[in-house]
Amino acid sequence: MKTTLDINDQLLADAKALAAQQRTSLTRLIEEALQLRLRVHQERPRAKARLPVFKGRGGMVGGVDPLSNKAMQRALGDDA
């Protein structure tokens, strides 16, 4: 498939020089580079998100209904 790309002038010149040195085409050099980049991306395991965990002591105050905003405010002394 033919396509058009905008490539940095120096990068293109370096790629052409490398292709000539390796006696291959610029197309083949670009294809190999893309294949390598895609392979590395696919092989990299995705890091699992680590959630912070509080390992301290404590908890709800006895007799406070955690489902009631009013009870929570009374327990905090914010029932104004």
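Residues numbered from 1 in each chain as written. Predicted model: local features only at pLDDT ≥ 70, side-chain atom pairs only at ≥ 80, totals over all residues. Heavy atoms only, no water.

## Quick look at the overall build of the protein chain
Then, number 1: Within the protein chain, the regular secondary structure consists of three helices and zero strands.
Then, number 2: Relative to the compact-globule value of 12 Å for 80 residues, the protein chain shows a C-alpha radius of gyration of 31 Å, a clear excess of over 25%.
Then, number 3: With respect to the principal axes defined by its C-alpha atoms, the protein chain has extents near 80 × 25 × 25 Å.
Then, number 4: The 80 residues of the protein chain split such that 6% are buried.
Then, number 5: Just so you have it, the protein chain exposes about 8300 Å², and 54% of that area is on carbon and sulfur atoms.
Then, number 6: The positive charge centre, built from 14 side chains, and the negative charge centre, built from 9, are 8 Å apart in the protein chain. (Helix = DSSP H or I, 4+ residues; strand = E, 2+ residues; numbered from the N terminus. Rg over C-alpha atoms; globule rule 2.2 N^0.38 Å. Buried < 20%, exposed > 50% of the residue type's maximum accessible area, 1.4 Å probe, protein only. Areas by Shrake-Rupley, 256 points an atom, 1.4 Å probe, with all protein chains shown as cover. Lys, Arg positive; Asp, Glu negative; His and termini not counted. Charge placed at Lys NZ, Arg CZ, Asp CG, Glu CD.)

## Notes on the confidence of the model for the protein chain
Then, number 1: Looking at the protein chain as a whole, its pLDDT mean stands at 87, while 96% of the residues score no less than 70.
Then, number 2: Mean pLDDT across the elements of the protein chain bottoms out in helix α3 (residues 69-76) (88) and peaks in helix α1 (residues 9-21) (96). (pLDDT = per-residue confidence, 0-100.)

## A word on the pattern of salt bridges
Then, number 1: All told, the structure shown has two salt bridges when counted by the stated rule.
Then, number 2: Between Arg28 and Glu32 there is a salt bridge, with its nearest N and O atoms 3.4 Å apart. Residue Arg28 and its partner Glu32 are both found in helix α2 (residues 26-43); the two are separated by four residues, about one turn of the helix.
Then, number 3: Classification of Glu32 as partly exposed rests on a relative accessible area of 34%. (Salt bridge = Lys/Arg side-chain N within 4 Å of Asp/Glu carboxyl O.)

## Points about the environment of Asp65
Then, number 1: Relative to the helices and strands, Asp65 is located in the loop between α2 and α3.
Then, number 2: Overall, the relative accessible area of 38% leaves Asp65 in the partly exposed class.
Then, number 3: It is 9.6 Å that separates the C-alpha atoms of Asp65 and Ala75, two residues lying 10 residues apart in sequence.
Then, number 4: Setting aside residues up to four positions removed in sequence, Asp65 forms contacts with Ala71 and Met72.
Then, number 5: Engagement of the side chain of Asp65 in a polar contact is seen with the backbone nitrogen of Leu67, the distance being 3.0 Å. (Contact = heavy atoms within 4.5 Å. Polar contact = N/O pair within 3.5 Å; in protein donor to acceptor, adjacent residues only side chain to side chain.)

## Side note on unusual backbone geometry
Then, number 1: Notably, Arg23 is not glycine yet its phi reads approximately 55°, a positive angle.
Then, number 2: The topology assignment puts Arg23 in the loop between α1 and α2.

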